[in-house]
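Fold and contact review
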Amino acid sequence: MLLTLTTTHAPATDLGYLLVKHPGKVHSFDVPTGTAYVMYPEATEQRCTAALLLDVDPQRLRAQRDSFDLGQYVNDRPYAASSLLAAALAKVFRSALRGASKDRPELAARPIPLEVGVPVLRGPAELATRLFEPLGWQVTAEPIPFEPEVGGDSRYLDLRLTGTVRLADALNHLYVLLPVLDDGKHYWVAPDEIEKLLRSGEGWLAGHPEKVLIARRYLAHKRAYADSALERLEIDEEPVRDEESELPVARKAPLAEQRRDAVLAALHDVEAARVLDLGCGGGALLTALVKDRRFTEIVGCDVSAKALEMAARRLRLDRLPDRQRDRVKIWQSALTYRDDRLRGYDAAVLMEVIEHVDPPRLPALEASVFGHARPRAVVVTTPNAEYNIHYEGLTGMRHSDHRFEWTRAEFQRWASATAERHGYAVDFRPVGEEHAETGAPTQLAIFTRKEEVTA
């Protein structure tokens, strides 16, 4: 399989410095699935092309664990670009992927004219455009036709990308998106793949309109892994105001940190020391809770065992000193069922949780949390549906797993009714920059037991 990188930057042969591969030589590298070669079919001051050729060894390939049905002898893996090529790219162009260049540091740090060619790639042309175009590439994705006697187009593409892009960004785009288009990995996907995705997607993935699809395909459709990655990407975007418009325009900036800070402030306001993080997922809030010594007991609960495993990894529970580790508990529990272990705590947090629950199941969650566990305080956050108009390219809800997203009025009706049924008072706070008409991107409610208020 083949990938070419071409530049017309003057002098174009500086590409050799950026890739740390001399244009006058053929370079070979042993990789787990075969041999990778780097060569330069053209190298002039006006135009320079580096070609990465991966010669796959079928015997080595069969030894690799994979996440798709790979025939032992008849398959397209040696020819169609996939995670095999992405893995070779990562090994061969390691320093270029990091944006490091000892000889041309200034050039490595700025965009240059680039053309990328991937002559054979499996995937829909429309998806290739959706993946690369938002990153500033001009995309030409031509389906490869069958032989004339057969007629029609195959499922393979000839992909060409053109743009003015920093080389490191271009390589990271390819490293992530080639396996996404192919929708397969040639090796077993473990939790450390989350770190690879976040590292390679830094600076561009959080704002990509197809970030959910990218995370799920890159992580082999392992939903817990994808949800953890998306959570850590802080997928919400904080808007900035356009001077020529009355409405703010979305930019690539995280809202999740502001949300966590708002939750921590609410917990401090109710003087909570023993806290439940209900629906803790991969542990984003748990990490912040552990850092705050005012919280003497912290419990993370989730129905997903994989999510809890990732939360434990993220917290590095096995490495924490005994005193810190004794503060933290990780429990598997379904929020729609009563669990006696959850009773008697100062506060419970449902941060971006209720919108993942089917509406007919919400009464069961209310009964479990507000009726049975009955902490002194409950902090709930959820997206504000009215604010969605400020997210460019967003159609539908902010996350594909959301069962609903409420307006401010809908959230306040639910929260007020829940508080009344279970003997709580409730106050509301905005989280994030407020717009005069649509409010803030996140809405937060603090429920306090009425006996605590009167006391």
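Below is a short write-up of the structure. (Residues numbered from 1 in each chain as written. Predicted model: local features only at pLDDT ≥ 70, side-chain atom pairs only at ≥ 80, totals over all residues. Heavy atoms only, no water.)

1. Thoughts on the environment of Gln412
Position of Gln412 among the secondary structure elements: in helix α16 (residues 408–422). Under the relative-accessibility criterion, Gln412 is labelled partly exposed at 35%. Note: C-alpha distance between Gln412 and Ala445 (33 residues apart in sequence) is 8.3 Å. (Helix = DSSP H or I, 4+ residues; strand = E, 2+ residues; numbered from the N terminus. Buried < 20%, exposed > 50% of the residue type's maximum accessible area, 1.4 Å probe, protein only.)

2. Section: the sheet that holds strand β10 (residues 274–278)
Pairing within the open sheet is mixed, and its seven strands lie in the order β12-β11-β10-β13-β14-β16-β15. Across the chains shown, the open sheet's two edge strands, defined by having one partner strand only, are β12 (328–332) and β15 (424–431). Put simply, the sheet's adjacent strands are angled 20 degrees from each other on average, direction ignored. Note: β10 against strand β11 (residues 297–302), five bridges, orientation parallel. (Pairing = 2+ DSSP bridges. Axes fitted to C-alpha atoms, helices over the stretch in contact; angles between N-to-C directions.)

3. Some thoughts on empty space enclosed by the protein
Here the structure, examined in full by the defined rule, presents one cavity of 30 Å³ or more. One number sums up the size of the largest cavity: a volume of about 30 Å³. Around the largest cavity, the lining residues are Leu18, Ala96, Gly99, Ala100, Ala108, Leu167 and Ala168. Residue composition of the lining of the largest cavity, grouped by class: six nonpolar, one polar and no charged. (1 Å grid on protein atoms, 1.4 Å probe; cavity = no way out; pocket = protein on both sides within 12 Å on 5 of 7 lines; lining within 4 Å. Points joined across faces, edges and corners; volume = space filled by probe spheres on them. Nonpolar A, V, L, I, M, F, W, Y, C, P; charged D, E, K, R; others polar.)

4. Topic: the nonpolar core
If you look at the biggest cluster of nonpolar residues, it comprises 74 residues, and the most contacted ones within it are Leu19, Phe93, Phe132 and Trp137. Among the elements that line this core, the one with the most residues is helix α7 (residues 167–182), at 10 residues. If sequence neighbours within four positions are ignored, Leu19 has contacts with Leu5, Tyr40, Ala50, Phe93, Ala96, Leu167 and Leu171. (Core = buried A, V, L, I, M, F, W, Y, C linked by side-chain atoms within 4.5 Å. Contact = heavy atoms within 4.5 Å.)

5. Concerning the packing of helix α15 (residues 362–373) against α16
Between α15 and α16, whose axes approach to 11 Å, the crossing angle comes to 50 degrees. One finds that α15 runs oblique with respect to α16. Considering how the two elements wind past one another, α15 and α16 form a crossing that is right-handed. Residues Leu362, Glu366, Ala367, Phe370 and Gly371 of α15 lie in contact with α16, whose contacting residues are Trp414, Thr418, Arg421 and His422. A breakdown of the residues in the contact of α15 with α16 according to their chemical character gives four nonpolar, three polar and two charged. (Parallel < 35°, antiparallel > 145°, perpendicular 65-115°, else oblique. Left-handed = near helix turned anticlockwise from the far one by under 90°.)

6. Some details on the sheet that holds strand β1 (residues 2–7)
What the seven strands build is an open sheet, ordered β2-β3-β4-β1-β5-β7-β6; its pairing is antiparallel. Where the open sheet ends on each side, the last strands, each with one partner, are β2 (27–31) and β6 (138–145). Going from strand to strand, the sheet's axes swing by 15 degrees on average, the running direction of each strand aside. Pairing analysis gives eight bridges linking strand β3 (residues 34–43) to strand β4 (residues 48–56), with the strands arranged antiparallel. Bridged to Ala36 within β4 is Leu54.

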